[in-house]
Structures are given as C-alpha cells and as structure tokens.
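Residues per chain are reported as follows:
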Amino acid sequence: MTASPTVPSSRTVTVAATQMACSWDRAANVDGVESLIREAAAKGAQIVLPQELFETPYFCKDQKQSLFELAAPAEGHPVIGRMQALARELSVVIPVSFFEKARNAYYNSMAMVDADGSLLGIYRKSHIPDGPGYQEKFYFSPGDSGIQVFKTRYATVGCAICWDQWFPETARVMALKGAEILLYPTAIGSEPQDSSIDSQGHWTRVMQGHAGANLMPLVASNRVGVEQGEGCALTFYGSSFIAGPQGEIVAQADRESRTVLTASFDLDRIAAQRASWGVFRDRRPELYGALLTLDGETTPRR
C-alpha cells in the first residue's frame, strides 16, 4: 500500500503593523501606542509591532546633551512595565522599543514582552547610522546583545531595529537562529540634506527581499508626521507594511495616517515550503568568509 503524502500541520498566527505620529507629550504617545495595540488585538492580532522609539519624537535629528535624560534602565522602566501589563491583559506579544541607559552606556533597545507579560529579553540595535537628521552615533553605542530570536507564545520571532534592516546578514542570522517571523520597528523619512531623495520604495523593497530570501513573513512599523528639530525637520513617510514569505506585500499603510494593519499566516505550512525550497539546505557557509571582513579579504593582511 502506498503511503499518503504527509499534510503539514496548521499553526496560524495573526500579526499587526502599526504607525502613528509622536509629539513631546510622552504620556500621550504611550497612550497612543496602547490604543493601537488594543485595536490590533480586537482585530485578532497576537503579535503587535509598535514603531521605533515611540515614547518621544525621533530625537536624533540633533546632537543635544540634555536628551540623554530621556534614557532609562530596562529594569523598572515604566513603559516596559505598562506594556507588560497590557500584553498580559490582551494575551499579545509586544516588542517594546526604548532608549536604554545601562550604567554609562546608552543603547537603542527593544524589550520583547511575551503574551503573559513576561520579559523574554533585550535586543540592542546592532547597526547605528550617522547622517543628516539621523545622528544616532551621538546617542547610541553599537548593540552588544548579538542578533537574537525570541520564542514567544505564538511564534519564534526575530526583531531588529530600523537601520539593521538594510543589512541582509541580520535577517539571515535571525532566520538561521530559528525565526519564523521577522520584525522591524523603524523611524525613517525625508533626507534633510536633499529634498529630492525619497527612500520609501527602496526601504520597502529591501525588506521584501529579506522576507523572500528567507521565506518568512515580515512586519515593518514606521512613524508618520513632521517633526521639527533645531537643525532640520524630518517628514516620516509611514508606509508600514506586512510582507508574506515570497516577499509579497500583504498589507501596507499610506504615508500619513494613523494605521493598524493585520495579516494571518500559517507558520507550519510556510515552514514546509521553506524546507522544500532548499535555500537553507544549499547554503555554503564555508564560502562566506568574506562576510567576516570589511573589505572582502578572507585572509587577514599582515
């Protein structure tokens, strides 16, 4: 008797991308994120991604010593604590972006809160940009947490932060470590040095590539609105989106509106597709030594 083909099991997870504008009313910003999360949960979302550094405007437009006062340790952080209570109430997973102070070090960090309110760990942004309007190297040290994944109630997720998304190595490492969904909280918009630059399409396509190359869903949450700094203003272009495992756009927001997007994925079926496609089977890590260098030289110079 011929055995019937094995039918992959079903494990459907609903994810949400969100976006909103931020002001210097920190309480209102956190209230706004809570409102987005509640709306997403009401739509069935189990993993809800807020945007990067949502507690304040994106303060890296300027280099100001006084803005280091915005940082706080992860332990006892009031916003993380509030999101833990909300996650427990709604049974949702919430990656919480925050400005972390660790003794004399400062990081752009993400606290992964599981659906029971427990804190699974902290990821510290690995790649730190430095350019007009995005002067993050003044505030943040490069993350020392390593690229991480977190086994949540609903899925194993990898979460990187904004500038990390331009590096395909980050997405691949998260996939190799067992991620089933890739998450990217971001804050990106106009380029003050050149008003003709609009990176929105590029930004989207790069992350679509991460989803397609790793055959897994991806969620990106950006902010919207115009934020004025002392030296420049940034117009954030929103366009938060959810991509499917072939890189296809499943849902995308506009450039200006407060938005909640949701999409559902059968992670077991996607895992079966990922296995049969062969891109992980056919990897040749022994050929990738150049990735460990800055200039492509696989043999260190003497």
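Residues numbered from 1 in each chain as written. Predicted model: local features only at pLDDT ≥ 70, side-chain atom pairs only at ≥ 80, totals over all residues. Heavy atoms only, no water.

Undergrad: I'd like to hear about the nonpolar core, residue by residue, with values.
TA: In terms of nonpolar packing, the biggest core is built from 35 residues, with Phe59, Phe99, Tyr139, Phe140, Leu182, Tyr184 and Leu218 touching the most fellow members. Mapped onto this core, the elements with two or more residues apiece are helix H3 (168-176), strand E10 (181-185), helix H4 (200-214), strand E11 (218-221), strand E13 (233-237) and strand E14 (241-243). Listed in part, the 28 residues of the second largest apolar core include Ala17, Val93, Leu183 and Leu267. (Core = buried A, V, L, I, M, F, W, Y, C linked by side-chain atoms within 4.5 Å. Buried < 20%, exposed > 50% of the residue type's maximum accessible area, 1.4 Å probe, protein only. Helix = DSSP H or I, 4+ residues; strand = E, 2+ residues; numbered from the N terminus.)

Undergrad: Describe in detail the pattern of salt bridges, supporting the description with residues and values.
TA: Overall, the coordinates contain 20 salt bridges when judged by the stated rule. Between glutamate 34 and arginine 82 there is a salt bridge, with its nearest N and O atoms 2.9 Å apart. One end of the pair, glutamate 34, is in helix H1 (residues 26-42); the other, arginine 82, is in helix H2 (residues 78-90), with 48 residues separating them in the sequence. In this structure, lysine 125 and glutamate 136 form a salt bridge, with 2.8 Å as the shortest nitrogen-oxygen distance. Of this pair, lysine 125 sits in the loop between strand E5 (119-124) and strand E6 (130-131) while glutamate 136 sits in the loop between strand E7 (134-135) and strand E8 (149-151), placing them 11 residues apart in sequence. For the pair shown, lysine 125 and glutamate 136 are each scored as buried. Each of Asp31, Glu34, Arg38, Arg82 and Glu89 takes part in a single network of salt bridges with overlapping partners. (Salt bridge = Lys/Arg side-chain N within 4 Å of Asp/Glu carboxyl O.)

Undergrad: Quick rundown of the sheet that holds strand E4 (residues 105-113)? Include the residues and the values.
TA: Whether parallel or antiparallel, the strands of a sheet pair through hydrogen bonds between backbone atoms. Taken together, three strands build an open sheet; the order of strands is E3-E4-E5 and the sheet is antiparallel. Looking along the sheet, the strands with just one partner apiece sit at the ends: strand E3 (94-102) and E5. Sheet twist, expressed as the average angle between the axes of neighbouring strands with direction ignored, equals 30°. Where E4 and E5 come together, five bridges link them in antiparallel fashion. Its bridge partner lying in E5, methionine 110 is registered against tyrosine 123. Along the sheet, H2 makes contact with E3, E4 and E5, crossing E3 at roughly 160°. (Pairing = 2+ DSSP bridges. Axes fitted to C-alpha atoms, helices over the stretch in contact; angles between N-to-C directions. Contact = heavy atoms within 4.5 Å.)

Undergrad: Got a sec to walk through H2? Specific residues and values, please.
TA: Counted at 1.5 Å a residue, the expected span for H2 with its 13 residues is 18 Å, and the 18 Å between its end C-alpha atoms agrees. Within H2, burial applies to Val79, Ile80, Met83, Leu86 and Ala87. Summarising the axial view, the buried residues of H2 lie within an arc of 120°, below the 170-degree limit, and thus occupy one face. Among the exposed residues of H2, those oriented more than 90 degrees off its buried face are Pro78 and Glu89. Those residues of H2 hidden inside the fold are in contact with H1, E3 and E4. Two residues or fewer past H2, serine 91 is found with a positive phi of approximately 55°. (Expected span 1.5 Å × (residues − 1). Arc of directions from axis to C-beta.)

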